[in-house]
Amino acid sequence: MTTTLKRFLPWIAAWLIATVAGGVLLARAELATLREAFETDARIAHRLLSQRAVQHDAVLATLALLGGPDIQSRPEARLPSVYPQILSVQRRDRDGQWAERRVNPFEAQSRQLRRAVLGQIDLDQGRFDLVLGADPTSYLLTIDVRTMVPWSEWPMDPATSPVRVTLNHGDQHFVVQVGRAGTSSAAGWPFDFHKTLADESQPLDLVARRDIGWAELPWAWMVAWSLLWAAVLAGAQALLRQRQERQRAEELLRLGQVTRLNTLGELAAGMAHELNQPLTAVLANTQAASRLLAEDTPDLETVRLAMTQAVAQARRASDVLGRLRRSVERPDAGGELESINLLDITRKALYLLEPTFKQHHLAPDITMTGPAFKVLADPIGLEQVIHNLLMNALQALEQVPLQERSLHLTIGSTDTLGTLTLQDSGPGIAAHVLPRIFEPFFTTREGGLGLGLSLCETLVSNMGGTLTARQHSPRGAVFEVRLPLALLSGRAS
Amino acid sequence: MSVQLSPLIHLVDDDEAVRQSLALLISTVGLRVQTWANPQSFLAGFDRQSIGVIVLDVRMPGIGGLTVLDTLRAQGVEQPVIMLTGHGTVGLPDRQGHTPLMLAKARGYGEMVQMLEKAGAK
């Protein structure tokens, strides 16, 4: 459990880092997009309201220009129907009075500044007065803030938009759009926009605010990103593990070969000692006998005794060999025969040696002639045979230049036999070597034991097949394994 | 040459057949031979004053021939020693720096007999 955890810990850490880093980047990108949209909307709102404010100035200026006590048409009376935000229009002619006296100071201020000024402000009720002192007639507009907003051009949907928009003046404020600001939890990202309307006479502050809550982060993308990394890392991990396992398998294979060689060495040493003793006795006895017989009056009784001893010791040596043979022979001589797809088992042997072939820049190819078939063979023995033949070819090919190396495997069948042919472009088999090639302990390789091909031949024979070798023209060697087809041998037996 | 004065060959080998056959061979050249089945009884019982040669098998159960040789040299025994080896093992020097004669077994005993005669004649 803990080792599993330890093995996966770096991967999990990498995944977490990728998730967090990616998540932060995604969130920042999303926040930037949201902020840009918010600021665009707020700027549009500011522009629209500023335009309206300018419009109010224009209306007042027009009234002052056209108006006078002598004009009977009273154009201001029709204004509210044209401009719905203008709730009412009040006027004071030169000799008249305002309905309310408190307008007077605003008028005076307006005259002094030579522009319209804000009069009575009641933003909480959503209205404010705009006063313009002029001659002969001064005017006062009462403006409804809600109607002043050009909703048809408004960049946001006031019912659903999360942006809170207010018009402020001093500590009064009018809520243009409720939004959701302030309703979400404190943790989050607040966006603020604050700008006074671009009109001297109506310096109202437009304040927009938007709170981005955790819920508004791009969770779906972040989860997708995280899952993507999980998949990528899991893939990488699996690939790496596969490679490690394959390396381990190769190590085991190599170790197995070394162990086998060591065992063989041990066996040879033991065998040498076991045989030395009786051979020593045989030699000593026969030499003693021959010395005795050379004397003038040979002690024939002693000679006979020596010879009997020699015979007994020769038998002992023979017994040692017999015992050795029995001990190395497998109890199930040859192994169980099974129906095997020759192509599959060849591919398996090739797969095991693939890294070795790669090291030697060799890419063996398999050709299958005719339909698929199965042969009757011992799977382990057959795999070993193919392995040994491949290794043999590889060693032969090491002796020729890289570009001349090739190894063709052909699999085919006759009526009764399945065949596997290995044809290499190596130096081939010398004529004097060919007859002895399957003899045990016969080798042309320095340091070779001379057992590989001999073992192959024994194994194939035990399966009822044959292994043959021949020289290939113009160069190289051909080894051919022939094994009985599975169905046929089933019928025959 | 009186039998009493001929050198005594001590033959130490755990294999009975080897011991008997070598003893027979040595006796055919007129040398006296005393056989020992194991190194322990040899070290305990052999006459250190006798003149002769010691023949040791390198590979014996318990104490190997080289250990026996070291023990002998440590006890001041100066008799020549012939080691019998299974295969052509190179002789290792003993503590005095003498390399014992090494003789591969099963290599023909004419060689050994010559060695014995030469060693015994000293």
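A quick note: this is a predicted structure, and the numbers were derived from the prediction, not measured.

1. As for the overall build of chain B
Within chain B, the secondary structure is distributed over 4 helices and 5 strands. Across the 122 residues of chain B, 49% fall into the buried class. Sequence separation of 24 or more characterises 62% of the internal contacts of chain B that already satisfy a separation of 6 or more. On chain B, roughly 5800 Å² of surface is accessible, and the fraction owed to carbon and sulfur atoms is 53%.

2. What about the nonpolar core?
All names here are of chain A. The biggest cluster of nonpolar side chains holds 45 residues, and the ones touching the most others in it are Leu 141 and Trp 154. Apart from residues lying up to four places away in sequence, Trp 154 is in contact with Ala 45, Leu 48, Leu 49, Val 149, Val 165, Val 176 and Gln 177. With 43 residues, the next largest nonpolar core counts Ile 340, Ala 349, Leu 390 and Ile 411 among its residues.

3. Considerations on the sheet that holds strand 6 (residues 172–177) of chain A
Residue and element names in this part refer to chain A. Reading across the sheet, the 4 strands line up as 6-5-8-7 and stay open at both edges, with antiparallel pairing between neighbours. Looking along the sheet, the strands with just one partner apiece sit at the ends: strand 6 and strand 7 (189–196). Averaged over all pairs of adjacent strands, the angle between their axes in this sheet comes to 20°, without regard to strand direction. Where strand 7 and strand 8 (residues 205–212) come together, 8 bridges link them in antiparallel fashion. Across the sheet, residue Phe 193 finds its bridge partner in strand 8, namely Ala 208.

4. Considerations on the sheet that holds strand 4 (residues 137–144) of chain A
Residue and element names in this part refer to chain A. Overall, antiparallel pairing links the 4 strands, which are arranged 1-4-3-2 in an open sheet. The sheet terminates laterally at strand 1 (86–93) and strand 2 (117–122), the two strands that pair on one side only. Ignoring strand direction, the axes of neighbouring strands in this sheet form an average angle of 20°. Both strand 2 and strand 3 (residues 127–132) contribute to a ladder of 4 bridges, which runs antiparallel. For Asp 122, the partnering residue across the bridge sits in strand 3 and is Arg 127. Against the sheet, helix 3 (residues 103–113) touches strand 1, strand 2, strand 3 and strand 4, its axis set at about 150° to strand 2.

5. A look at the environment of Val 29 of chain B
Here Val 29 of chain B is to be found in the loop between helix 1 (16–28) and strand 2 (32–36). On the basis of relative accessibility, which here comes to 17%, the residue Val 29 of chain B falls in the buried class. Every residue in contact with Val 29 of chain B, bar those within four places of it in the chain, is listed here: Arg 291 of chain A together with Val 113 and Glu 117 of chain B.

6. Observations concerning the interface of chain B and chain A
If you look at the interface, chain B gives 21 residues, while chain A gives 20 residues. With both chains or domains summed, chain B and chain A bury close to 1700 Å², and 60% of this area falls on carbon and sulfur atoms. Linking chain B with chain A are 1 salt bridge, by the criterion used here. Between Asp 15 of chain B and Arg 316 of chain A there is a salt bridge whose closest N-O contact spans 2.6 Å. Here chain B and chain A share 2 residue pairs in polar contact (both at pLDDT 80 or more) between them. Counting residues per element, the ones that place at least two in the side of chain B that touches chain A are helix 1 and helix 4 (110–121) of chain B. A per-element tally of the side of chain B that touches chain A places helix 1 of chain B first, with 8 residues.

7. Structural notes on the packing of aromatic side chains
Overall, the coordinates contain 6 aromatic pairs over all chains when judged by the stated rule. Seen from their ring centres, Phe 38 of chain A and Phe 191 of chain A are 5.7 Å apart, and the 50° between their planes marks the pair as tilted. Of this pair, Phe 38 of chain A sits in helix 1 (residues 2–66) while Phe 191 of chain A sits in strand 7, and the two are 153 residues apart along the sequence. When its relative accessible area of 2% is taken as the criterion, Phe 38 of chain A is described as buried. Counting every residue linked through ring pairs, the aromatic cluster contains Trp 36, Phe 42 and Phe 46 of chain B. Against the face of Tyr 351 of chain A rests Arg 246 of chain A, its NZ or CZ located 4.3 Å from the ring centre.

8. Concerning the side chain of Ser 201 of chain A
All names here are of chain A. Along the chain, Ser 201 turns up in the loop between strand 7 and strand 8. Since its relative accessible area comes to 4%, Ser 201 is described here as buried. In this structure the side chain of Ser 201 is engaged in a polar contact, spanning 2.6 Å, whose partner is the side chain of Asp 57. Only 3.2 Å separates the side chain of Ser 201 from the side chain of Gln 202, close enough to count as a polar contact.

9. Regarding a nonpolar patch on the surface
The grouping of Trp 225, Leu 228, Trp 229 and Val 232 of chain A at the surface amounts to a nonpolar patch, some 350 Å² of accessible area in total. Looking at the element boundaries, Leu 228 of chain A is found in helix 5 (residues 219–293).

10. Concerning unusual backbone geometry
Residue and element names in this part refer to chain A. A cis amide bond links Asp 135 to the next residue, Pro 136, at an omega of 5°. Mapped onto the elements of the fold, Pro 136 is located in the loop between strand 3 and strand 4. Here the residue pair Ser 473 and Pro 474 is connected by a cis peptide bond, since its omega of 5° sits within 30 degrees of zero. Here Pro 474 shows up in the loop between strand 14 (466–471) and strand 15 (477–484). For Arg 114, which is not glycine, the phi dihedral falls at a positive 55°. For Arg 114, the position within the fold is in the loop between helix 3 and strand 2.

Calculation rules
Residues numbered from 1 in each chain as written. Chains lettered and ligands numbered in written order. Predicted model: local features only at pLDDT ≥ 70, side-chain atom pairs only at ≥ 80, totals over all residues. Heavy atoms only, no water. Helix = DSSP H or I, 4+ residues; strand = E, 2+ residues; numbered from the N terminus. Buried < 20%, exposed > 50% of the residue type's maximum accessible area, 1.4 Å probe, protein only. Contact = heavy atoms within 4.5 Å. Areas by Shrake-Rupley, 256 points an atom, 1.4 Å probe, with all protein chains shown as cover. Core = buried A, V, L, I, M, F, W, Y, C linked by side-chain atoms within 4.5 Å. Pairing = 2+ DSSP bridges. Axes fitted to C-alpha atoms, helices over the stretch in contact; angles between N-to-C directions. Buried area = accessible area lost by both parts, 1.4 Å probe. Salt bridge = Lys/Arg side-chain N within 4 Å of Asp/Glu carboxyl O. Polar contact = N/O pair within 3.5 Å; in protein donor to acceptor, adjacent residues only side chain to side chain. Phe/Tyr/Trp six-rings, centres within 6.5 Å; stacked < 30°, edge-to-face > 60°. Lys NZ or Arg CZ within 6 Å of the ring centre and 35° of its normal. Patch = residues over 30% accessible without salt bridge, like charges linked within 9 Å, V, L, I, M, F, W, Y side chains within 5 Å.

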